[in-house]
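As a plain string of letters, each chain reads:
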Amino acid sequence: MTKIISLFILEAVFCFTFFTVSYSDINLIQTTCKKTPFYDLCVLTLKSDPRSSTADVSGLARIVADSVNAKAIATLNQVSALLKSVKDPTLEKALEGCIVSYNTIIQADIPVAIDAIEKNNPKFAVQSATDAGNEAQACENSFAEKPSNSPIFSGNKAVHDLSVVLQSIASLLL
Amino acid sequence: PLFYKGWYHLFYQYNPNAAVWGHIVWGHAVSKDLIHWLHLPLAMAADQWYDKNGVWTGSATILHDGKIVMLYTGSTTEGVQVQNLAYPADQYDPLLVHWVKYPRNPVLVPPPGIGPNDFRDPTTAWLTSEGKWRITIGSKINKTGIALVYDTKDFINYEMLDGLLHAVPGTGMWECVDFFPVSETENNGLGTSINGPGVKHVVKASLDDDRHDYYAIGTYNDRNGTWIPDRPNIDVGIGLRYDYGIYYAAKTFYDQNKKRRVLWGWIGESDSEAADVKKGWASVQSIPRTILFDKKTGTHLLQWPVEEIDSLRLKGKEFNQVKIQAGSVVPLDFDSATQLDIIAEFKIDSDALEKATRSSDASFDCATSGGAAERGALGPFGLLVLADERLSEQTPVYFYMTKGSDGNLKTFFCNDQSRSSKASYVDKHIYGSLVPVLRGENLSIRILVDHSIIESFGQGGRTVITSRVYPTKAIYGAAKVFLFNNATELNVTASLKIWQMNSAFIQPYPNL
């Protein structure tokens, strides 16, 4: 009789604990994302990565950094594809500038941000994230056809906005 | 930094692999005169478990027998911040090329209640009245910035004092804490252990949260290792800054050679990282500055470029009593204005000040103003540096005076980057702050210009602004200097000297 009761209590405790863990990590995602200017983007990005269920704020920053990197690589590929068939010299120049911007994001900004988060010196992650957002913005600004958007507008916007999210989350680690 | 056996040493944070932050180790350079420099091999690399993730900031202490010990922060393989001891491999080598790490490092680990990432940058030690060595290390508890205190006899065993040197709520992590005495009466620096009447102590902290260096002047109590600011309303982190521009992680040392306290600071880049990667380097050290207590105000420190910089002056020109009417720009006949030392004084008609309109808006701030293009009754006026002939690019360094509704005058000292370059991705903010101007003082500015670096000293160094600008047109032979006065109710008379500056001499040390 005692054994069954103990087992029942144990199971109840286990279920309660499990429920508490799930609830609190969604809570961490929500409270963290509320401190960024792009709440929905932040929540979506974090929730779609399984690591977020056990991550602390530092881990959440890492997930966003990886996402910026992935989006940057995708956008860089788009730029390269466009460069293969471009005829207009102004457009070609803008695209070449974007290659430089995106190479900087992928080879300098994101590795430094990840390194800084891992080494617990978050201000360099903030600085790199800021730069990544600026590089994406600079790329977008370099296309002549204002006020309409560039051919890679959605890529630039995604990288820019996620970089801002990364900057905000890294600032929480200061 | 330190002076030892005839040589000035600078150890600096360096990434040998890239023009971005990472893989931080200790670079090393030496000079006999702060002008001719030799690059030596890396002093310390990240080769132990206790500094594998970074050989970060540290400080040297010169012991009674003249030997040097170095305490520095290492970031361990687990990313924990610890303090380590190192010393020269050969104390008789004046160049201090090789360094040895104490075999039983770390000597200090984060104490209970302090986070593993909130414990770094130990200071130079000073002697207590009991004959022990005392250091302070910056940290934080929640959002309160603090300075922990430790006593030691051998730099290996430490006792942490119960109290803190000081703490200021809301300031966040205190990095690169510096603690040093200044004389209230003498015009020389003081050794770090000096205490007594006529001596005040400065606490300085680099705030991680906003990347600015703040200082406060106050009184040190040796018995309990505490310090109180003279003016709590301008306490550490909420009051005065060393520099209102891009300037961080600064640190002083006592130069026993010339009996002065010298300040080194890190000037970062304000262009894109893409540009940094392309040019292959990033960040510079400021021209070293002497630090003195400002006897006239009693509230500020004075910073001034070290006198050795004067030896880089080449040909100079003097311009006397140049009248600048309200709303005008005066070109100065001086070519290739890219490496300059400018000392300028501005006289204002006191009648004009009397008659000037009072403003009910008391909220001027360089950063939120319209820069040099925003006209006020009593400002802006000053100099345009790194400007091309057509003024398509220009960096104004100037004064802006306001007269409150009570008739009181305030003077601001600003540096306006908004039109400094046609390039799109460079910082275009306006830097600056209030500068105290006492009765009878003329307004004075000293500016050191070096291509993309501008260091400006207002009122003898009471307020200093460092900025990085990246002109595309106002470069080399096309760079010029102008006087300007964009005020509406004030004529200004300027007298100035401008010198072309030679480049410093920086070489690798041969045969090493």
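Source: prediction; values computed, not measured.

Regarding the UniProt feature "domain: Glycosyl hydrolase family 32 N-terminal" (unreviewed entry) in chain B
Line of reasoning, step 1. Under the UniProt annotation, the feature "domain: Glycosyl hydrolase family 32 N-terminal" (unreviewed entry) is placed at residues 2-305 of chain B.
Line of reasoning, step 2. Helix makes up 2% of residues 2-305 of chain B and strand 46%. Its end C-alpha atoms lie 17 Å apart.

Thoughts on helix 3 (residues 57-85) of chain A
Line of reasoning, step 1. Here helix 3 of chain A is 29 residues long and its end C-alpha atoms lie 43 Å apart, about the 42 Å a rise of 1.5 Å per residue gives.
Line of reasoning, step 2. Along helix 3 of chain A, the residues that are buried comprise Ser58, Leu60, Ala61, Ile63, Val64, Ala65, Ser67, Val68, Ala72, Thr75, Leu76 and Val79 of chain A.

What to know about the interface of chain A and chain B
Line of reasoning, step 1. The partner chain B presents 23 residues to the 19 residues of chain A that form the contact.
Line of reasoning, step 2. The junction of chain A with chain B conceals about 1900 Å² of combined surface from both sides, 54% of it contributed by carbon and sulfur atoms.
Line of reasoning, step 3. Ranking the residues of chain A by area buried against chain B places Lys119, Lys123 and Leu174 of chain A at the top, with a combined share of 34%.
Line of reasoning, step 4. For the pair chain A and chain B, the interface holds two salt bridges.
Line of reasoning, step 5. Here Lys123 of chain A and Glu175 of chain B are joined by a salt bridge, their closest N and O atoms 2.8 Å apart.
Line of reasoning, step 6. Taken together, the connections running from chain A to chain B amount to ten residue pairs in polar contact (both at pLDDT 80 or more).
Line of reasoning, step 7. Every element with two or more residues in the side of chain A that touches chain B is listed here: helix 4 (89-118) and helix 5 (122-141) of chain A.
Line of reasoning, step 8. Here the element with the most residues in the side of chain A that touches chain B is helix 5 of chain A; it accounts for eight residues.
Line of reasoning, step 9. Across the side of chain A that touches chain B, the residue classes tally to seven nonpolar, six polar and six charged.

Description of a positive patch on the surface
Line of reasoning, step 1. Together, Arg390, Lys422, Lys428 and Lys473 of chain B make up a positively charged patch on the protein surface.
Line of reasoning, step 2. Structurally, Lys473 of chain B can be placed in the loop between strand 32 (463-468) and strand 33 (480-485).

Overview of the packing of aromatic side chains
The description of an aromatic ring pair uses the distance of the two centres, along with the angle that the planes make with each other.
Line of reasoning, step 1. Applying the stated rule across the entire model yields 26 aromatic pairs over all chains.
Line of reasoning, step 2. Look at Phe364 of chain B and Phe412 of chain B: their rings are 4.9 Å apart centre to centre, the planes differ by 65°, and that puts the pair in the edge-to-face class. Of the two residues, Phe364 of chain B sits in the loop between helix 2 (350-355) and strand 26 (378-387) while Phe412 of chain B sits in strand 28 (residues 409-416), which places them 48 residues apart along the sequence.
Line of reasoning, step 3. Counting every residue linked through ring pairs, the aromatic cluster contains Phe124 of chain A together with Trp21, Tyr248 and Trp266 of chain B.
Line of reasoning, step 4. For Arg211 of chain B, the ring lying beneath its charged end belongs to Phe124 of chain A, and the centroid distance is 5.6 Å.
Line of reasoning, step 5. A cation over an aromatic ring shows up here: Lys315 of chain B above the ring of Phe334 of chain B, its NZ or CZ 5.1 Å from the ring centre.

Cut-offs applied
Residues numbered from 1 in each chain as written. Chains lettered and ligands numbered in written order. Predicted model: local features only at pLDDT ≥ 70, side-chain atom pairs only at ≥ 80, totals over all residues. Heavy atoms only, no water. UniProt positions renumbered as here; feature names shortened; annotations may be inferred. Helix = DSSP H or I, 4+ residues; strand = E, 2+ residues; numbered from the N terminus. Expected span 1.5 Å × (residues − 1). Buried < 20%, exposed > 50% of the residue type's maximum accessible area, 1.4 Å probe, protein only. Contact = heavy atoms within 4.5 Å. Buried area = accessible area lost by both parts, 1.4 Å probe. Salt bridge = Lys/Arg side-chain N within 4 Å of Asp/Glu carboxyl O. Polar contact = N/O pair within 3.5 Å; in protein donor to acceptor, adjacent residues only side chain to side chain. Nonpolar A, V, L, I, M, F, W, Y, C, P; charged D, E, K, R; others polar. Patch = residues over 30% accessible without salt bridge, like charges linked within 9 Å, V, L, I, M, F, W, Y side chains within 5 Å. Areas by Shrake-Rupley, 256 points an atom, 1.4 Å probe, with all protein chains shown as cover. Lys, Arg positive; Asp, Glu negative; His and termini not counted. Charge placed at Lys NZ, Arg CZ, Asp CG, Glu CD. Phe/Tyr/Trp six-rings, centres within 6.5 Å; stacked < 30°, edge-to-face > 60°. Lys NZ or Arg CZ within 6 Å of the ring centre and 35° of its normal.

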